[in-house]
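Structure assessment
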Amino acid sequence: MSLRGKLPLLALLLALVFVLASVALGAAEWNDGSPEKRLRECQQRGDRHEQREEREDCQRRCLEDYRREKEERGGRAEEITPHHKGREEEEKEHKEQQQGKPYVFEDQHFTTKHRTEHGRVRVLQKFTERSEILRGIENYRVAILEADPQTFIVPNHRDAETIIFIANGRGSVSIMASHDKRESFNLRLGDVMRIPAGTTVYLINRSNNEKLVIVKLLQPVSTPGHFETFFGPGGEDPESYYKAFSTELLEAALNTRKDKIQKIFGQQRRGVIIKASEEQIRAMSQHKEGGVWPFGGESKGPVNLFSKRPEQANQYGQLYEVDPSECRELKELDLGVGFANITKGSMMGPFYNSRATKIAIVTNGQGYFEMACPHLSSSEFSGGKGSQHGGGGLPRHKGKTGPSYQKVRAQLKQGVVYVVPAGHPIITVASNDQNLEIVCFDINAKNNKKFFLAGKTNIMNQLEREAKELGFGVPAREVDEVFKSQNEDLFFKGPHQHHHESRADA
Amino acid sequence: MSLRGKLPLLALLLALVFVLASVALGAAEWNDGSPEKRLRECQQRGDRHEQREEREDCQRRCLEDYRREKEERGGRAEEITPHHKGREEEEKEHKEQQQGKPYVFEDQHFTTKHRTEHGRVRVLQKFTERSEILRGIENYRVAILEADPQTFIVPNHRDAETIIFIANGRGSVSIMASHDKRESFNLRLGDVMRIPAGTTVYLINRSNNEKLVIVKLLQPVSTPGHFETFFGPGGEDPESYYKAFSTELLEAALNTRKDKIQKIFGQQRRGVIIKASEEQIRAMSQHKEGGVWPFGGESKGPVNLFSKRPEQANQYGQLYEVDPSECRELKELDLGVGFANITKGSMMGPFYNSRATKIAIVTNGQGYFEMACPHLSSSEFSGGKGSQHGGGGLPRHKGKTGPSYQKVRAQLKQGVVYVVPAGHPIITVASNDQNLEIVCFDINAKNNKKFFLAGKTNIMNQLEREAKELGFGVPAREVDEVFKSQNEDLFFKGPHQHHHESRADA
Amino acid sequence: MSLRGKLPLLALLLALVFVLASVALGAAEWNDGSPEKRLRECQQRGDRHEQREEREDCQRRCLEDYRREKEERGGRAEEITPHHKGREEEEKEHKEQQQGKPYVFEDQHFTTKHRTEHGRVRVLQKFTERSEILRGIENYRVAILEADPQTFIVPNHRDAETIIFIANGRGSVSIMASHDKRESFNLRLGDVMRIPAGTTVYLINRSNNEKLVIVKLLQPVSTPGHFETFFGPGGEDPESYYKAFSTELLEAALNTRKDKIQKIFGQQRRGVIIKASEEQIRAMSQHKEGGVWPFGGESKGPVNLFSKRPEQANQYGQLYEVDPSECRELKELDLGVGFANITKGSMMGPFYNSRATKIAIVTNGQGYFEMACPHLSSSEFSGGKGSQHGGGGLPRHKGKTGPSYQKVRAQLKQGVVYVVPAGHPIITVASNDQNLEIVCFDINAKNNKKFFLAGKTNIMNQLEREAKELGFGVPAREVDEVFKSQNEDLFFKGPHQHHHESRADA
């Protein structure tokens, strides 16, 4: 959805805004130590002079500082778990979640697939187990890996395509690209990488103090919606798939004596995620870093989202995105990946995606979203017998000639997963105390466009004068007054900065 | 299925036929005022000298005159509704429809999605609600829009790809192609256009006396088989999706005061299809016309089916078609669009499509069709327990070694929708009192071929002599006598012109 | 999966092996008359000097001689039916088949769709009728045609794409490629050909002593998982689809008198597969042979698998494969076709496919396979309530942190069909008394890679030293001892040659 491509004018304006902003605020910002501010500062610098590398490193440093500070402030940047809740809070959350249904998934919707003392892999339930309305993304699964510092994830392959996003920490990945070729890459915050289906791969957390957090989107290739992990190296735990074969066959295939075979497949009992020694980590960390986005081309290994200029950026937030047209690996899967950083107290939207259905995972911060959904109000999914009417359905409100829209609203916090179907208008709001960071996987990303419903370039401003009058039933002037008062795009000052109260927790 | 491409010889012959025919009948025809004749005349003229524009306009004029005349004769060209029926007729129709099951859909299978005093939008039920046998087209929906003269359809977007065909009248469409770009086009009889999923669009009927009738094929992008319409401009009716958001969020996003927002979203109560003033219509009608088919390329806005030379044409009918290879927009959806005009008293077929499943909608006239279907006779769909045999199934008739074919037969009249699955031979017959006009959407159109089972180039004539003898169990000479007696292709003199009685209503 | 492309080094080594082998064994082999040996000899010759045609013919001759010999020895190369079984054997087989479930299909899972005294067509049940786990290949069907010498299969078309593989005998196919074009080709052992959906086609067995055996993979285009056969020529048996139309319509369309029509559609009563005369066969056999694989290009008619250098070949077996990148016709269907000839007493694998799910049909010989499957052990398909966890599922064994693998094991013999899902490691073993020949259709073949789990280039050898230690929990040296003792690739000396006893029937 390269807006740059489509909106050279907008790009120019944005650039201008950055320059002015940075000139105007420059000095002040250097004194302000908050990482959010610094991240924006990096942004602006990157746009002032084209030193991408510098901007990248700067951005990464900032985000990492930000995490560290938050931890010192008692934050939980490294751990994706709910904090302890009071009774009322739980009730409120339950209520919210009910409202969010069926688009919002929380801790209880995950299953722990692998767990050792050093980490865990959790898999989200199938979307269609939640609601038929999600059938369009039935064949996609979400998983989250968390591994302690200096750990090793045992080599394995999956019967699924996998896109990984590094949400925290520093890792390293090794891929058996073919019979006689291994490729290894270091991974860092913001890296996106495709692990082709069936490719044997292993990971390490090469940091000695940070947790490695990887968010995964999986697309099974064998049985729709279902995947499994196959461990070759292993023994008792993880069990090796070699052990499924008769010893006589392994002897013949490996041309080795039974006892030797039984020995190497008998030792491993430490599980899927195990501790590695300093030396082992060091030896497996000597790999090249991932590259920048290979425009239109092929990506070797990981590419870093922050190596691109953001699609949208202002003091209220930044959106980094990559779409299929930019990378063959994503094109083959018709997927896009995005990262939104909403400044604390600010909001993103309203907007909608024309084709893509978004699967969003909150990686940091808190807030909430509101989304308009006509399907839930329609007879077919509200359980009414009208379901026989398919996309049709009778006018729902007496005398109404069109659909009505249910408000889907839910609290957001680290680890919450939510789905934004194509065409559905949404607003996301960050809490007042920290930035809200969200990674998004876009299904059906090809030719997807983002349409803004507010802000300088909202589509209502494109209507003909007569269309405004006829559509709203008021003079065009009054319509313009409402839709031409906002000078920013996509990211705006949040409601809490209008009314002097916090609504994020209200 | 560009026959021209494959059959230069045939094309030449056809051209020749036209020249001779027109020379022979020329004078007489100019005296004959019937629009069907005139349409053919246009056809021939177009083929005599290559003045496409002229031919186009001529054809369109003819079809429109034809409609007008029919109305004067008490026809109902503008309205797609059943006429009042007598009791016996209803019984007969019921019987027919039963025979047509599950491939034929009539009024009762539509749901009115939007209705105001000035028009309505009706949506056909999901095909799979009718029968599992239609699962192959589960994700396609059909809708028909009818709007009175000088009306406005409120701006909206859908979570579905939409292909529209202008079946009657003169409209105008405006599309918010992107944030900062609106494209507007005038629409006329025969125009085909794709409305990309999620694109906000509004329509007007710019005629001051004709109804605008648009036939739509929709392909949902979010939830397979289900789509919804999203109205931005609006208020009470249609409800605006902006109203699903908390006022505080709209205030922040639009940077405007609550009262102003509430005002513009509070007025509209007139519904989805509303009357517009002369001036408003005039102001919104100043748009360019759609173009001709962009061979292999990209289409900007609508393209007119009649701008192409017909695939097949003779005095018994004409077939206009466009396939994915001719237009990127259709290629992306793997769809084809066709329009058949069967001269009154004539017939089309027998033929079958090799890959494409046709969804056909009768836009004018009356008649009936007969189709051969082995699936309905097979155990799996006839409800027999044999369903466990999948495509297999035991020989159905004692001693038979192959399938048997059920005759699917149904009456056709304006507004009837029917499905012709790939590979199924079909014959369509026009009544004696008016032309039968049918618009077709082809699913899986890529590489589809039409195979003729009668006529000059029918495939039986391609069999080797021995194959004819072995296949039919009679001397090849007798086979040739049957299959080489027809000199036309696809469109033939109908049965009623053989037997001097009308079977269309029998 | 062109290993050559990816592994030039390996290719060189293989070539070298052939040269040495052939030089070393040369003389001896010419004295050894066994067809298996001769097939390998052809192989080697082909690799010594680039005379492909010669190698091809040689290989085909060898395979055919082999069949003939086996028959003389009392083999049943021509007939794909189970031999008479004793009670214990049946019980054993039942047990095996239970183990093989749901991946193995035997005689009782086929339905006879057409049968005459001269041949039959059998269709395998829908895969999803067996298990939901096979939903990924729901829309593919398998059929096997067997026709006596000098027979004719009546012209027909199907609403399915069809890929045919000639498993035995000499045939000839005629295709009505378009209205005015018939293409005819002779078919021979190893030929692969696509019959496009909806194309009318007829076949003959042009041999006067061999049965024609054709293995088919079908992909329905109309109703997922279901297809039907449409017979035009015919009468009572097979019934002609022309007979579904009213006589008056046929009269009009064919412009012929009723009596003539009734005559040609009234004679045929001999069924779908009928005897033809010497003269008729001769007349229909004068066609060109199919070509070699058109690298990357378009294939006209059949192409012969043996015209390619094998992907892998040594004294223990040969693997011939063609993938979508080599042929437009296969690319459109995203299919690959392979043929494995495992030398008697030898084995193939362990290995797994990265993306492709294989549908394998045994065309000759006996043996068994073992496959590791984590899905069957997982709660979702083992019927446990855990099914709600989708791909997730709790650790199955107390304390285990990963999946466990069920051993799928089944006997193989002529006519057995089995499915090997993507990512699943498998070993296939040939019995001691004859070669095991298997034809494979690969679904989702694009970008598929074969990963070897034993042999010279197995992926375990690609792991970093530390990964071996951490993965297996033993010194890297011990891992290498096990994985570096085998010098062959893919095909190995079987277990029965290790232990001096036959396990194939144990």
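Every chain begins its residue count from 1, and numbering advances along the sequence as written. Whichever chain is written first becomes A and whichever ligand is written first becomes 1, with later ones labelled in order. Predicted model: local features are reported for residues with pLDDT of at least 70 only, side-chain atom pairs are reported and counted for 80 or more only, and whole-chain, interface and lining totals are derived from all residues. Side-chain descriptors were evaluated using all non-hydrogen atoms of the structure, hydrogens and water having been removed beforehand.

Re the overall build of chain A
- Strands are runs of DSSP state E lasting at least two residues, helices are runs of H or I lasting at least four, and both sets are numbered from the N terminus onward. Along its length, chain A carries 13 helices and 27 strands.
- Accessibility here uses a 1.4 Å probe with only protein chains present; expressed as a share of the type maximum, an area under 20% marks a residue as buried, one over 50% as exposed, and anything in between as partly exposed. Taken over 506 residues, chain A has a buried fraction of 68%.
- Of the roughly 16700 Å² of accessible surface on chain A, a fraction of 49% belongs to carbon and sulfur atoms. Computed with a 1.4 Å probe, the accessible areas rest on the Shrake-Rupley method; for each residue, only the protein chains presented here act as cover.

Observations regarding the interface of chain B and chain C
- Whether two residues are in contact is decided by their heavy atoms, any of which lying within 4.5 Å being enough. Taken together, the contacts link 88 residues of chain B with 82 residues of chain C.
- In this description, buried area is defined as the sum, over both parts, of the accessible area (probe of 1.4 Å) that is lost when the two are combined. Overall, the association of chain B and chain C removes approximately 6800 Å² of surface from exposure, summing both partners, and the carbon and sulfur fraction of that is 57%.
- Ranking the residues of chain B by area buried against chain C places Thr-401, Tyr-405 and Leu-470 of chain B at the top, with a combined share of 12%.
- A carboxyl oxygen of Asp or Glu within 4 Å of a side-chain nitrogen of Lys or Arg is what we treat as a salt bridge. Remark: the boundary between chain B and chain C carries four salt bridges.
- Among the ionic pairs, Glu-138 of chain C bridges to Arg-135 of chain B, the shortest N-O distance being 4.0 Å.

Section: the sheet that holds strand β9 (residues 191-195) of chain B
Residue and element names in this part refer to chain B.
- Two strands make a pair as long as DSSP finds a minimum of two bridges between them. In space, the seven strands of this open sheet follow the order β2-β3-β4-β11-β6-β9-β15, with antiparallel pairing throughout. Each edge of the sheet is formed by a strand with only one pairing partner; in this case those strands are β2 (110-116) and β15 (303-304).
- Strand direction decides the pairing type here: β2 and strand β3 (residues 119-124), joined by six bridges, are antiparallel. Following the sheet pairing, Thr-116 is matched in β3 by Gly-119.

Examining the interface of chain B and chain A
- Contact with chain B, which involves 82 residues of that partner, is made by 88 residues of chain A.
- Carbon and sulfur atoms make up 57% of the area that chain B and chain A hide from each other, which totals about 6800 Å².
- Ionic pairing is found between Lys-263 of chain B and Glu-478 of chain A, a salt bridge with its closest N-O pair at 2.9 Å.
- Two N or O atoms count as a polar contact when they lie within 3.5 Å, although within protein this holds only if one can serve as hydrogen donor and the other as acceptor, and sequence-adjacent residues are included solely when both atoms are side-chain atoms. At the junction of chain B with chain A, the criterion picks out 29 residue pairs in polar contact (both at pLDDT 80 or more).
- Side-chain classes are defined by residue name, with Ala, Val, Leu, Ile, Met, Phe, Trp, Tyr, Cys and Pro counting as nonpolar, Asp, Glu, Lys and Arg as charged, and the others, Gly among them, as polar. Looking at the side of chain B that touches chain A residue by residue, the class counts come to 30 nonpolar, 29 polar and 23 charged.

Looking at helix α13 (residues 476-483) of chain A
- Here α13 of chain A has its buried residues at Ala-476, Glu-478, Val-479, Val-482 and Phe-483 of chain A. For α13 of chain A, the angular spread of buried residues about the axis comes to 160 degrees, placing them on one side.
- Lining the buried residues of α13 of chain A we find α12 (465-472) of chain A together with α7 (247-254) and α8 (258-264) of chain B. To obtain the arc, one takes the directions from the helix axis to the C-beta atoms.

Focus: the side chain of Asn-364 of chain A
- Considering the arrangement of structural elements, one finds Asn-364 of chain A in strand β20 (residues 357-364).
- Under the relative-accessibility criterion, Asn-364 of chain A is labelled buried at 1%.

As for the packing of aromatic side chains
- For Phe, Tyr and Trp, rings pair up if their centres lie within 6.5 Å, where Trp contributes its six-membered ring, and each pair is then called stacked (planes under 30 degrees apart), edge-to-face (over 60) or tilted (otherwise). One pass over the structure, following the stated rule, counts 45 aromatic pairs over all chains.
- Ring plane angle 70 degrees and centroid distance 5.6 Å describe the contact between Phe-265 of chain A and Phe-472 of chain C, whose orientation is recorded as edge-to-face. One end of the pair, Phe-265 of chain A, is in the loop between α8 (258-264) and β13 (273-275); the other, Phe-472 of chain C, is in helix α12 (residues 465-472), on a second chain. In terms of burial, Phe-265 of chain A and Phe-472 of chain C fall into one category: buried.
- With a centroid separation of 5.9 Å and 20 degrees between ring planes, the pair formed by Phe-165 of chain C and Phe-339 of chain C is classed as stacked.

Brief notes about the UniProt feature "domain: Cupin type-1" (unreviewed entry) in chain A
- UniProt positions are given in the numbering used here, feature names are shortened, and annotations may be inferred rather than shown by experiment. Under the UniProt annotation, "domain: Cupin type-1" (unreviewed entry) lies at residues 102-262 and 303-480 of chain A.
- This span, residues 102-262 of chain A, is 11% helix and 47% strand, and a straight line between its end C-alpha atoms measures 49 Å.

What about the relation of the copies chain B and chain A?
- Laying chain B over chain A is done by rotating through 120 degrees and shifting 0.0 Å along the axis; what remains is an RMSD of 0.0 Å. The operation mapping one copy onto its partner corresponds to a three-fold rotation axis. Copies are brought into register by a least-squares superposition over C-alpha atoms of residues with pLDDT of at least 70 in both.

What to know about the pairing of strand β8 (residues 181-187) of chain A
All names here are of chain A.
- In terms of residue burial, β8 counts as a mostly covered element, since five of its seven residues are buried.
- Counted along the chain from strand β7 (residues 171-178) to the antiparallel partner β8, the turn is two residues long.
- Where β8 lies against strand β14 (residues 288-289), two bridges are found, and the strand directions are parallel. Bridging from a neighbouring strand, Phe-185 pairs with Lys-288 of β14.

What about the sheet that holds strand β11 (residues 212-220) of chain C?
Residues and elements named next belong to chain C.
- Read across the sheet, seven strands follow the order β2-β3-β4-β11-β6-β9-β15 without closing on themselves; strand pairing throughout is antiparallel. The sheet is open, and its two edges are formed by β2 (110-116) and β15 (303-304), each paired on a single side.
- Pairing analysis gives four bridges linking strand β6 (residues 160-168) to strand β9 (residues 191-195), with the strands arranged antiparallel. Its bridge partner lying in β9, Ile-164 is registered against Met-193.

What to know about the packing of α12 of chain A against α13 of chain A
Residue and element names in this part refer to chain A.
- Note on definitions: angles span 0 to 180 degrees between N-to-C directions of axes, and those axes are lines fitted to C-alpha atoms, for helices only across the stretch in contact. Running from amino to carboxyl end, α12 crosses α13 at an angle of 90 degrees, the nearest separation of the two axes being 8 Å. Taken together, α12 and α13 sit at an angle that is classed as roughly perpendicular. Within the contact between the two elements, α12 uses Arg-465, Lys-468, Glu-469 and Phe-472 and α13 uses Ala-476, Val-479, Asp-480 and Phe-483.
- Partitioning the contact of α12 with α13 into residue classes produces four nonpolar, no polar and four charged. In this scheme, roughly parallel covers angles under 35 degrees and roughly antiparallel covers those over 145, while 65 to 115 is roughly perpendicular and the rest are oblique.

Concerning helix α12 (residues 465-472) of chain B
- Extensive coverage of α12 of chain B is indicated by the burial of seven of its eight residues.
- Looking at α12 of chain B, one finds that the buried residues are Glu-466, Ala-467, Lys-468, Glu-469, Leu-470, Gly-471 and Phe-472 of chain B.
- Contacts made by the buried residues of α12 of chain B are with α13 (476-483) of chain B together with β5 (151-158), β10 (201-205), α8 (258-264), β13 (273-275) and α9 (278-283) of chain C.
- Gly-473 of chain B lies just past α12 of chain B and shows a positive phi near 70 degrees.

Some thoughts on the pairing of β6 of chain C
Residues and elements named next belong to chain C.
- Most of β6 sits out of view: nine of its nine residues are buried.
- As judged from the eight bridges shared by β6 and β11, these two strands associate in the antiparallel manner. Considered in β11, the bridge of Phe-165 is made with Val-215.

Regarding the confidence of the model for chain A
All names here are of chain A.
- Per-residue confidence from the predictor is reported as pLDDT, a score between 0 and 100. Per-residue confidence for chain A averages 81 on the pLDDT scale, and 72% of its residues sit at or above 70.
- Between residues 10-52, whose pLDDT stays under 50, and residues either more than four places distant or in other chains, the model counts 62 contacts.
- Here residues 500-506 is a poorly scored stretch, pLDDT under 50, and it has 13 contacts once near neighbours within four places are set aside; other chains count.
- Note on the complex model: pTM 0.83, ipTM 0.81.

Quick word on the side chain of Asn-205 of chain C
Residues and elements named next belong to chain C.
- Note on placement: Asn-205 falls in strand β10.
- Assessed through its relative accessible area of 0%, Asn-205 is described here as buried.
- A polar contact of 3.0 Å, which involves the side chain of Asn-205, links it to the backbone oxygen of Asp-148.
- Only 2.8 Å separates the side chain of Asn-205 from the backbone oxygen of Glu-210, close enough to count as a polar contact.
- The contact partners of Asn-205, leaving out residues within four places of it in the chain, are Ala-147, Asp-148, Pro-149, Gln-150, Thr-151, Arg-170, Gly-171, Glu-210, Lys-211, Leu-212 and Ile-281.

Regarding the environment of His-287 of chain C
- Within the fold, His-287 of chain C resides in the loop between α9 and β14 (288-289).
- Using a relative accessible area of 16% as the deciding quantity, one classes His-287 of chain C as buried.
- Along the chain, His-287 of chain C and Glu-469 of chain C lie 182 residues apart, while their C-alpha atoms are 62 Å from each other.
- For His-287 of chain C, the contacting residues outside a window of four places in its chain are Glu-464 of chain B together with Ser-172, Ser-174, Ser-184, Phe-185 and Asn-186 of chain C.

Some details on the environment of Cys-373 of chain C
All names here are of chain C.
- The topology assignment puts Cys-373 in strand β21 (residues 366-373).
- Along the backbone, Cys-373 and Val-408 are 35 residues apart, and their C-alpha atoms lie at a distance of 6.9 Å.
- With near-sequence residues (within four places) excluded, Cys-373 lies in contact with Tyr-103, Ser-404, Tyr-405, Gln-406, Val-408 and His-424.

Quick word on the pattern of salt bridges
- Tallied over the full model, the rule gives 90 salt bridges over all chains.
- For the salt bridge of Asp-191 of chain B with Arg-188 of chain B, the shortest nitrogen-to-oxygen distance reads 3.6 Å. Each member of the pair, Asp-191 of chain B as well as Arg-188 of chain B, is classed as buried.
- Glu-236 of chain C is the partner of Lys-243 of chain C in a salt bridge, and the nearest nitrogen-oxygen pair spans 3.0 Å.
- The exposure class of Glu-236 of chain C is partly exposed, given its relative accessible area of 38%.
- A single salt-bridge network, built from bridges that share partners, covers Glu-161, Arg-194, Arg-328, Glu-329 and Glu-332 of chain A together with Arg-355 of chain C.

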